[in-house]
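Here is what each chain is made of, one letter per residue.
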Amino acid sequence: MNGYSYAPLLFFLALGGGFAAFSVAIGPITGRRRYNRAKADAYECGIQPSPHAEGGGRVPIKYYLTAMLFIIFDVESVFLFPFAVAFDRMGLFALVEMVLFILTVFVAYAYVWRRGGLEWD
C-alpha cells in the first residue's frame with residue numbers, strides 16, 4: 001500500500017477542519033453585536049425565565065419513563081443488528097439466546113403497556 005490511498009480521506013478531513021476553523025473565526029466578525037440583559041443570561045431562548053415552573057416546578061414522571069423506554073429499546077436494537085448480520089454463522093444456540101432476549105424485553109414492554117406507561121393523559 002502506498003501513501004496515496006489515504007489522500008482523499010486526508011483531503012476531506014483537512015477540508016472539514018478548515019471549514020470549522022473558518023466558521024469559528026468569521027462568526028465574531030460578521031455577527032450582530034446588540035446585546036441585552038436577557039440575552040446575556042444563561043438561558044437558551046432569550047426570554048426571561050420564571051423562578052419556578054407552573055405547579056411547583058415538578059416535571060411529570062412520564063417524561064422519564066419515556067426516556068427509559070427509549071433507552072431499553074435502543075439497546076435492544078444495538079444487540080439485534082450484529083445478530084442479524086451474523087445469523088447464518090452463529091447456529092441454534094445464538095438463535096435460542098436471541099429469542100430469550102427478545103422475550104425478556106417483550107415482557108418489560110407488556111408490563112409498561114399494562115400499567116399505562118404508554119398513555120399520555
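The protein chain appears in an unreviewed UniProt entry as NADH-quinone oxidoreductase subunit A from Branchiibius cervicis. Regarding the protein chain, the UniProt comment filed under Catalytic activity (unreviewed entry) reads as follows: "a quinone + NADH + 5 H(+)(in) = a quinol + NAD(+) + 4 H(+)(out)". Within the UniProt record for the protein chain, the comment given under Sequence similarities (unreviewed entry) is "Belongs to the complex I subunit 3 family."

Visitor: So, the overall build of the protein chain: which residues are in play, and what are the values?
Guide: In terms of helices and strands, the protein chain carries 5 helices and 0 strands. Order of helices (α) and strands (β) in the protein chain, N terminus to C terminus: α-α-α-α-α. Here the protein chain holds 121 residues, and the buried ones make up 8% of them. Within the protein chain, residue pairs in contact and separated by at least 24 positions form 47% of the contacts whose partners lie at least 6 positions apart. Accessible area of the protein chain: about 11100 Å², with a carbon and sulfur share of 69%.

Visitor: Requested: an account of a nonpolar patch on the surface, with residues and values cited.
Guide: Side chains of F87, L92, L95, V96, V99, L100 and L103 sit close together on the surface and give an oily, nonpolar patch of about 610 Å² of accessible area. Tallying contributions element by element places helix 5 (residues 92–114) first for the nonpolar patch, with 6 residues. Here V99 is to be found in helix 5. What makes V99 partly exposed here is its relative accessible area of 42%.

Visitor: Would you mind going over the UniProt feature "transmembrane region" (unreviewed entry) in the protein chain in detail, with residue names and values included?
Guide: Cross-referencing UniProt, the feature "transmembrane region" (unreviewed entry) maps to residues 6–29, 63–85 and 91–112 in the present numbering. The distance separating the terminal C-alpha atoms of residues 63–85 is 34 Å; by composition the span is 100% helix and 0% strand. Helix makes up 95% of residues 91–112 and strand 0%, and the two end C-alpha atoms of the span are 32 Å apart.

Visitor: I'd like to hear about the packing of aromatic side chains, residue by residue, with values.
Guide: Scanning the model with the defined rule gives 5 aromatic pairs in all. Aromatic pair F11 and F12: ring centres 5.2 Å apart, planes at 70 degrees, arrangement edge-to-face. Judged by relative accessible area, F11 falls into the partly exposed class, the value being 49%. F12 gets classed as exposed once you look at its relative accessible area, which sits at 55%. Geometrically, the ring pair formed by F106 and Y109 is tilted, given 6.5 Å between the ring centres and 40 degrees between the ring planes. One end of the pair, F106, and the other, Y109, are both in helix 5, 3 residues apart, so they sit about a helical turn from each other. You can call Y109 partly exposed: its relative accessible area is 28%.

Cut-off values and rules
Residues numbered from 1 in each chain as written. Predicted model: local features only at pLDDT ≥ 70, side-chain atom pairs only at ≥ 80, totals over all residues. Heavy atoms only, no water. UniProt positions renumbered as here; feature names shortened; annotations may be inferred. Helix = DSSP H or I, 4+ residues; strand = E, 2+ residues; numbered from the N terminus. Buried < 20%, exposed > 50% of the residue type's maximum accessible area, 1.4 Å probe, protein only. Contact = heavy atoms within 4.5 Å. Areas by Shrake-Rupley, 256 points an atom, 1.4 Å probe, with all protein chains shown as cover. Patch = residues over 30% accessible without salt bridge, like charges linked within 9 Å, V, L, I, M, F, W, Y side chains within 5 Å. Salt bridge = Lys/Arg side-chain N within 4 Å of Asp/Glu carboxyl O. Phe/Tyr/Trp six-rings, centres within 6.5 Å; stacked < 30°, edge-to-face > 60°.

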